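# Summary of structural features
These are the residues of each chain, in order.
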Amino acid sequence: NIRSFVLGLMATEDGTEVHIDDFDPNVAFAGPGPNSPGAWDFTLDAGQTVVLSGYADVDVNLAGFVGAHITSTALIAVSSGNWCGALQAPTDQDICIDQIVPYPYLGFDHVLVEGNGLPESEQGLVVATQDGTEVWVNDEPVPFATLDAGDWVLVPNTVFSGTLHANAFIRVTKPAYVAQFLAGADQYATAGMNFLPPLNCGMPDEVDEVPSIQ
């Protein structure tokens, strides 16, 4: 009852209407429930925020909110993830949250780089936005999974290859959200989650802002 999924929203313009649906209607939220079964509606002014969460001691909360669909009438900032939890957290906890981007910024090709965590802590997460999304991993001859909008799949640690900075390649046939769970040490207490932007030819070809990366 200290671990929960969490979603934070912040409006950038007055009168922004936000609608959230496509989640399990049995999800038990902390505090008041949705405006209607299986849906939330908010009207926010610039700078106003809303935070939704649900504790992990309710079974449906473990995955029932993953893949929820958010629409808004103006630009909003969205952060989502897990508070005081991880993929595997029997006794320890940490914060697995990142800010995501709107649908038009999604893409197809993603590279994961393994961290220093335990194998069960280092996995990929793919959340589809369209029906019939195929997930391809590395150079495997068949798709790893085929997902419909709102569906998700975990890509296990076994897909990483190479030494030192082992990596994996995930390609989706339709734009999808891809995140990586990782950790800084071989213990559950250092779990984290990063939203992965897709690769594209508009990315810079050098990094000159980080003096030393380990």
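So, a few notes on the structure that sits alongside this text.

With the rule as written, the count across this model stands at eight aromatic pairs. Between Phe5 and Phe65, the ring centres sit 4.9 Å apart and the planes meet at 20°, which makes this aromatic pair stacked. In this pair, Phe5 is assigned in strand S1 (residues 4–11) and Phe65 in the loop between strand S4 (49–55) and strand S5 (69–72), connecting sequence segments 60 residues apart. Accessibility expressed as a relative area gives 9% for Phe5, which makes it buried. Residue Phe65 is classed as buried on the basis of its relative accessible area of 10%. Their ring planes at 10° and their centres at 5.4 Å tell us that Trp40 and Phe42 sit as a pair that is stacked. Residue classification places Trp40 among the buried positions, given a relative accessible area of 7%. Look at Phe42 and you get buried, because its relative accessible area is 16%. Counting every residue linked through ring pairs, the aromatic cluster contains Phe5, Phe23, Phe29, Trp40, Phe42 and Phe65.

Cut-off values and rules
Residues numbered from 1 in each chain as written. Predicted model: local features only at pLDDT ≥ 70, side-chain atom pairs only at ≥ 80, totals over all residues. Heavy atoms only, no water. Phe/Tyr/Trp six-rings, centres within 6.5 Å; stacked < 30°, edge-to-face > 60°. Helix = DSSP H or I, 4+ residues; strand = E, 2+ residues; numbered from the N terminus. Buried < 20%, exposed > 50% of the residue type's maximum accessible area, 1.4 Å probe, protein only.

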